[in-house]
Amino acid sequence: MKPRSALEGRLSAWFAARFPKGFSSIQKHALPYTLAGENTLILAPTGSGKTLAAFLSILARLERTEPLPNAVCAVYVSPLRSLTRDIERNLTPPLEALNAGRRQAVRIEVRTGDTETTARSRMQRQRPHLLLTTPESLSALLSQAGWRDGFAPFAVVVDEIHSFAESKRGSLLALTLERLEQRAPSGFMQRIGVSATASPVTSVARLLCGERPYQIASDAVHKAHRLDLATFPRGLMLPAAGYNPNRIATKVAEFVKRANTTLCFTFARSGAERLGLALRYLLPEHEERIAVHHSSIDREARLAIEAGLANGQMKAVVCSSSLELGVDFAAVDQVLLVGSPRGVSQGLQRLGRAGHRVDGVARGSIIALSLPDLLQAIAMRKAAGEGRLDPLRLVEAPLDVLAQVLLGMAVERPWRLEEAFELVRRAGPYQALTRAEFDEVIEYLAGGGRVLSGSGGFGKIILEGECFRVASRRAAQQYYFNIGTISDDFLVSVNLGGRKRIGSVEESFLSLLQPHEAFLLGGQAVRLKTLHQNQAIVEPARGERIKPVRWMGNPMALTAGLAAEELTLRRGLREAANPEEYLRREWKADRSTARRIAEFVARQKRASQIPVDSPLQVERVPEKRALLIFFHCVAGRNVNRALAWVVAHRLREWHENDAGSIVANFDDHGFLFSLDARKDPPSAAWRSFFDPERLVDDLRRVLRQTEQLGRRFRPIAETAQLLARRNWQGLTAKRSASWN
C-alpha cells in the first residue's frame, strides 16, 4: 500500500508542495499502520519526520469527517509545555490547508499550566478538535463537569514517550489514557507513541497500550550524527573531580563564536545560570542574544527565548533539561553537552536538538569538566555511535498515583468499584495490581486505615454499597489544587523592582541568603531588597559576589547502561600495554585526548590499578588522626548511597555503636568514609560489611534513622492527596490549580 494513497484532497496537495521529495523513511514505515487505525510505536531519530508521521493519519481522518462534533477528537500528550507550543506551530500550515476548503474549520488548542484563563473559558464553550496538552492537564480536564461531553476521541499521540517510562508521570499517563478511552464513541482509541530513544520496545509498548496489540515502525535510531570531544590546550589542567561550568566557559565561548545558534546543556539549573552569565561576560557583542532557559524562568521570558531559537535570533541558549525533548528549532546548528550527560539515551536526545530536519546531521561536542568526566564521555560517544541505548524500567503500580486518579474519577462521576478496578488493570503499570491493593487505596481515600480512621474528616470519597463518589465539593476543589506527581519546595515569585516577574526560586534558598547578597536568575544578577508576603522584590546587582540559585532535586545519576560502557573502557585501559594507542584505535579518541587520558592512567597506575567492578578496589589515605577510605564502585550515585549507608551501619554495629563519628560521601563512581583511624576494623571485618545477606533489611533499618523517609514521604503524600502542595501562591495554590 502506498501511504499517500490514503491522504486526500487538500492534505495530499499540501504535503506534495511542502515535501516534494515525498515521504521520509520512517513515514513510509509508519503510515500503513497509522492510516489503518492500528496502535503504533514510531521509533526513529530526531528530525526524521516521525512526529508528522504520527499526525498525518489523524489529519487525514479529520479531513474526511464533516461535520465534526463540538468535542476533542484527537489528543496530543507531551512531557513539556514548550513542546506543545512547538507542535502547534508545526501543525498550523497543514491545518490551514485543510480548513481552506471546509465549511467547518478544524480547531486546535494548547491546554497546559501556561494557558490563560480567557483561553480556558473559550475552550470550554468551543472545544478544540485537536487538543495539545500534558498528562496533568488532561487528567484534570477529564474530571471537570464542564468537559463531561467534551471528549469524543478516536486517537491519541504520546510524544517522547520514553521520558514518562521511568517516573510516576508514566503511571499517571497510563491511567489517564484508560480514562480517555472510556469517552471514545466506538469504545476504541488508537494509540500512537513517538520516541527516538525507547529501549526496550516492550516496556514502552506496555506503558502505551497495556496488553493491547500494537505495531512497531522503526528506523535506525542512531541517526547520522557527529559527536566530538572538545580538546583543551596542554596548559589547561582538567581536575581529577568536580563540577564547575565556569572552568570551561572560555572553551564554550570559542564554540559559540563559530556557530550560528548554539544550544548548551548543563546538569542543573544553577549550572545553566552560571554558564549563561559567564558567556555574556566573555561575548559582550552577543550579550542580548545569549539567554538562560529552564522551568523556573518566567513564562513570557521562556516564550521569547523559544521564539528566538525558532527564528535564529539567538546566538546561544544555556539550559538544563527544559529543551532536550523533541522541540524543533531548525536554526540550532550546534549542541554543546557541558559535562558528560550521565546516560547514552539522554546524550543522544540532547544532541538531536541540532540538525533537526529530515536528512539533517546532528552536530555537537562534549566539553568534559574533569578527567573522569572525559573518560565517561569517550565511553558515551562510542555507545551512542553504535546505537546502544539505556534500557528503560517502568515504575510498577505506584499506589499514590492510583489514589490521585481514583479521586479524580470520583470527582468526574460515581463509579462502581469493579468497573474502576477493571479500568485500572488495563493500564500497563497496573496489570499486576491485586484487588486487595485496590481496596486498600479505596479504604484510604474513604478515610479508613490504621492512621486515618482515628483522625476523622479525612475521607475524600464516600462508599455506597459497591459504588464510590466524591465526598464533597471541597474535596473536589482540593483535588484540582494537587494534581500531578512533581513536588516542589515552597516557591517564591521573584519580581524586578516590584513590577516585572523574572521567575521563581525556592523559599529554602532565599532563607540562606546573607543581607544584600546577589544571586542569578534568568541570566541576570539581582540583589534581594525585600521579601513581601510570597514575593521577593529584587534590584539589579553590580559588582557584588554572585551566588547561583540552587533548586531542590536530585542530581542526574549515572545510568546502568553508561556505567557498563565506562567499565568496559576501564578494563581495556587496565590491560592495555599502550593506553594512548588503545584509546585511538578502539575508542577513536584524537591524539590530544588520548595523550591526556594516558597520562592520567599512568599517574593512577603508579599508585594502584585502574578501578573496575571486580574486584572492588579500595584506597586508604591516612590524614593525621583520621582515615579516609574510598571504595571504587562505578554503579551510579543511587547504588553507592545505599552501599555507603549499609556499610556505615554495619561498621557501627561491629563497634557496638562506639565507632565515633563516621562521615560518608558518595558519587557516581564510589563512596568515601572518613573515620577515626583508631576505629579501623581488620580486613576480614570490612569484607563482612559487604555480605549481601540481610542487605535489604539493614537498608530499611538505616532509612528509618535518616531524614530520607520524611523527605521522600512528603511528595508521596502530596501525590496521594493527603497533604496540600506548597508553592509561592499558598496552599490553595494558583500555580497548582493551573492544571485544571
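Residues numbered from 1 in each chain as written. Predicted model: local features only at pLDDT ≥ 70, side-chain atom pairs only at ≥ 80, totals over all residues. Heavy atoms only, no water.

What to know about the overall build of the protein
Move 1: On a plain count of helices and strands, the protein comes out with 27 helices and 26 strands.
Move 2: When burial is assessed residue by residue, the protein has 56% of its 740 residues classed as buried.
Move 3: Relative to all contacts within the protein whose residues are 6 or more apart in sequence, the contacts with residues 24 or more apart total 73%.
Move 4: Accessible surface computed for the protein: about 31600 Å², of which carbon and sulfur atoms make up 51%. (Helix = DSSP H or I, 4+ residues; strand = E, 2+ residues; numbered from the N terminus. Buried < 20%, exposed > 50% of the residue type's maximum accessible area, 1.4 Å probe, protein only. Contact = heavy atoms within 4.5 Å. Areas by Shrake-Rupley, 256 points an atom, 1.4 Å probe, with all protein chains shown as cover.)

Some remarks on the sheet that holds strand β16 (residues 467-470)
Move 1: If you walk across this open sheet you meet the three strands as β14-β16-β15, and the pairing is antiparallel. Each having just a single partner strand, β14 (415-416) and β15 (461-464) make up the two edges of the open sheet.
Move 2: Bridging between β14 and β16 involves two bridges; their strand directions are antiparallel. Among the inter-strand pairings, Trp415 is bridged to a residue of β16, identified as Phe468. (Pairing = 2+ DSSP bridges.)

Digging into the pairing of strand β13 (residues 362-367)
Move 1: In terms of burial, β13 is largely enclosed, as five of its six residues are buried.
Move 2: With five bridges joining them, strand β8 (residues 225-229) and β13 adopt parallel strand pairing. Considered in β13, the bridge of Leu229 is made with Ile366.

Some remarks on the environment of Gln126
Move 1: Mapping Gln126 onto the fold places it in the loop between α5 (117-125) and β4 (130-133).
Move 2: Since its relative accessible area comes to 42%, Gln126 is described here as partly exposed.
Move 3: Taking the C-alpha atoms as reference points, Gln126 and Arg107, separated by 19 residues in sequence, lie 8.8 Å from one another.
Move 4: Gln126 has contacts with Asn70 and Arg107, leaving out every residue within four places of it along the chain.

With respect to the packing of aromatic side chains
Move 1: Taken as a whole and assessed by the stated rule, the structure comprises 16 aromatic pairs.
Move 2: Judged by centre distance (5.8 Å) and plane angle (75°), the ring pair of Phe631 and Phe673 falls under edge-to-face. Of the two residues, Phe631 sits in strand β24 (residues 626-632) while Phe673 sits in strand β26 (residues 670-676), which places them 42 residues apart along the sequence. Judged on exposure class, the residue Phe631 and its partner Phe673 are both buried.
Move 3: In this structure an aromatic cluster arises from ring pairing among Phe631, Phe671, Phe673, Trp686, Phe689 and Phe690.
Move 4: Its end group placed over the ring of Trp147, Arg127 keeps NZ or CZ at 5.5 Å from the ring centre.
Move 5: One residue, Arg258, lies across the ring of Phe255, its end atom 4.7 Å from the ring centre. (Phe/Tyr/Trp six-rings, centres within 6.5 Å; stacked < 30°, edge-to-face > 60°. Lys NZ or Arg CZ within 6 Å of the ring centre and 35° of its normal.)

Details of helix α1 (residues 9-18)
Move 1: When α1 is considered as a whole, its buried residues turn out to be Leu11, Ser12, Trp14 and Phe15. Burial along α1 is one-sided: seen end-on, the buried residues are contained in an arc of 160°. Summarising the geometry of α1, the exposed residues directed more than 90 degrees from the buried face are Gly9 and Ala17.
Move 2: In this fold, the buried residues of α1 make contact with α2 (25-34), α3 (50-64) and α4 (81-99). (Arc of directions from axis to C-beta.)

Digging into the environment of Leu703
Move 1: By the secondary structure assignment, Leu703 is in helix α25 (residues 695-703).
Move 2: On the basis of relative accessibility, which here comes to 23%, the residue Leu703 falls in the partly exposed class.
Move 3: C-alpha of Leu703 to C-alpha of Ala642: the two residues are 61 residues apart in sequence and 9.4 Å apart in space.
Move 4: Apart from the residues within four sequence positions on either side, Leu703 is in contact with Trp645, Gln708 and Leu709.

A closer look at the sheet that holds strand β12 (residues 334-338)
Move 1: The sheet built from six strands is open, its strands ordered β8-β13-β12-β9-β11-β10 with parallel pairing. Both edges of this open sheet fall to β8 and β10 (290-293), since each of them pairs with a single strand only. With direction set aside, neighbouring strand axes in the sheet form an average angle of 20°.
Move 2: Helix α11 (residues 269-282) contacts β10, β11 (316-319) and β12 of the sheet and is inclined by roughly 175° relative to β10.
Move 3: Packed onto the sheet, helix α12 (residues 299-311) meets β9 (262-265), β10 and β11 and runs at close to 125° relative to β10. (Axes fitted to C-alpha atoms, helices over the stretch in contact; angles between N-to-C directions.)

Interpretation note: all reported values are geometric properties and have no functional meaning in isolation.
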